[in-house]
Amino acid sequence: MDDTDAVPVAELLDERRHLLDVAYWMLGSSREAESAVGETYRRWYGLSDAERGRITAPRRWLVKTTGGICLELLADSRRGAAGRRGQREEHHTRTGDADGAQASLAKEVSRVLLDALDSLSPAERAAFVLNDVFRMAPGTVADIVGRSEPDCVELADRARHSLRMQRSSPTPPDERDVLASAVRQACVNEDAELLESLLCPDATAFFDGGGKVRALSRPVHGSRQVGHSLLTLLARHPRTTLTTHSVNGCTGLIARYDHQVAAVISLDTADHHVTQVWVVLNPDKLRSWNESPSPRDPGSHRNP
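The text that follows walks through the structure, step by step, so that each part is easy to find. Here the structure is a predicted model, which means the values were calculated and not measured.

With that settled, the discussion passes to the overall build of the chain. Check the secondary structure of the chain and you find 13 helices and six strands. Here the chain holds 304 residues, and 39% of them are scored as buried. Considering only contacts within the chain whose residues lie at least 6 apart along the sequence, 59% involve residues at least 24 apart. With the model as given, the accessible surface of the chain reaches about 16,700 Å², and the carbon-plus-sulfur share is 52%.

Right under this line is the structure:
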């Protein structure tokens, strides 16, 4: 290292604090965040001078490395949620007395959100934290998570939905049945207005074609857009039928073409509306639906 590598102390401290914040939000533990950041700097100084010289944006490299280390830790099945929660109060930012109440409120909000984040998969948590908490650019998020930008958008969407569902009022089974039947009726009658009214304003639809059929490759957002995509997919045809059926233990929809199951649709509900629609079109995943016993048997329950 020579004098050209010198960095102002304010930048050094800000950089380390940023890395600790990223690691803490991804891991939920101050101790593990410190460990992850320590490993990040060990890897940095493990590079040769020439390798470090080729890194044009050191801070981005450090953030990416920290994110990767955190993902490795999150994927470790031996880690327990209780251990993370037991150390959350250690991570805080010093404030003056005048800011004490606000800091206390922020700490409580952070604790609640961190507890909720424990329900997400490692990739969902990373995509959500990096995008929604730190507002990183899509390319940077994809680089850290190791997925494509569209995949990271979908991961963050799933995370938001999961978090929203945790704070929403659960829908009783009988109400879910009525809602599913109403969605079916709106699709059969091609009633766009009714269908939109049954979807929450920020509803999301996912279409799984598995690369075997020409399905939408990105999530669809918004009640109007989701409704339009469903009506387009389920357009009225003499050889197409749409019925309600148990899907993953809840009432969903089955679309058939000439008595062959062509689509299995799951509906997530909360607060009296459909919040998320999952449409399985992948023939490989539908194979069991087209085998004996017939999926038209009311006693059968299939997982697409």
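Turning to the packing of aromatic side chains, a few remarks are in order. One pass over the structure, following the stated rule, counts two aromatic pairs. Between Phe206 and Trp278, the aromatic rings sit 4.5 Å apart at their centres with planes inclined by 20°, giving stacked as the arrangement. In this pair, Phe206 is assigned in strand S1 (residues 199–208) and Trp278 in strand S6 (residues 273–280), connecting sequence segments 72 residues apart. The exposure class assigned to Trp278 is partly exposed, which follows from its relative accessible area of 26%. Over the face of the ring belonging to Phe206 we find Arg158, whose NZ or CZ atom lies 5.6 Å from the ring centre.

Okay, the pairing of strand S3 (residues 240–247) next. Here S3 runs beside strand S4 (residues 250–257); their pairing, made up of eight bridges, is antiparallel. Paired with Thr240 across the two strands is Tyr257, which belongs to S4.

With that out of the way, let us pick up the nonpolar core. Of all hydrophobic cores here, the largest spans 41 residues; its most connected members are Trp25, Met26, Leu117, Val129, Leu130, Met136 and Val145. Here the element with the most residues in this core is helix H1 (residues 9–27); it accounts for eight residues. Val183, Leu198, Cys200 and Leu253 belong to the second largest nonpolar core, which has 27 residues in total.

A positive phi angle, near 55°, is found at Asn248, a position not held by glycine. Counting through the fold element by element, Asn248 comes out in the loop between S3 and S4. On the basis of relative accessibility, which here comes to 41%, the residue Asn248 falls in the partly exposed class. Although it is not a glycine, Asp258 sits at a positive phi angle of roughly 55°. Within the element layout of this structure, Asp258 appears in the loop between S4 and strand S5 (260–270).

All right, on to the sheet that holds S1 then. Within the open sheet, the six strands sit side by side as S2-S1-S6-S5-S4-S3. Their pairing is mixed. Bordering the open sheet on either side are strand S2 (220–221) and S3, each of which pairs with just one other strand. Most of the contacts of helix H12 (residues 223–233) go to S1, to which it runs at about 40°, and overall it touches S1, S2 and S6.

Before going further, it helps to spend a moment on the pattern of salt bridges. Inspection of every chain in the model, using the stated rule, returns 17 salt bridges. For Asp49, the salt bridge goes to Arg52, with nearest N and O atoms at 2.5 Å. Here the residue Asp49 and the residue Arg52 both occupy positions in helix H3 (residues 49–53), the gap between them amounting to three residues, near one helical turn. Residue Arg52 is classed as buried on the basis of its relative accessible area, which comes to 14%.

Most of S6 is tucked away: six of the eight residues are buried. Relative to S6, S1 runs parallel, the two being bridged by six bridges. Across the sheet, the residue bridging to Ala205 is Val277, located in S6. Looking at chain direction, S5 and S6 are connected through seven bridges and run antiparallel. By the bridge assignment for S6, Leu267 is matched with Val277. The antiparallel pairing of S5 with S6 creates a hairpin that spans two residues between the two strands, and Asp271 there sits at a positive phi of about 55°.

Definitions and limits used
Residues numbered from 1 in each chain as written. Predicted model: local features only at pLDDT ≥ 70, side-chain atom pairs only at ≥ 80, totals over all residues. Heavy atoms only, no water. Helix = DSSP H or I, 4+ residues; strand = E, 2+ residues; numbered from the N terminus. Buried < 20%, exposed > 50% of the residue type's maximum accessible area, 1.4 Å probe, protein only. Contact = heavy atoms within 4.5 Å. Areas by Shrake-Rupley, 256 points an atom, 1.4 Å probe, with all protein chains shown as cover. Phe/Tyr/Trp six-rings, centres within 6.5 Å; stacked < 30°, edge-to-face > 60°. Lys NZ or Arg CZ within 6 Å of the ring centre and 35° of its normal. Pairing = 2+ DSSP bridges. Core = buried A, V, L, I, M, F, W, Y, C linked by side-chain atoms within 4.5 Å. Axes fitted to C-alpha atoms, helices over the stretch in contact; angles between N-to-C directions. Salt bridge = Lys/Arg side-chain N within 4 Å of Asp/Glu carboxyl O.

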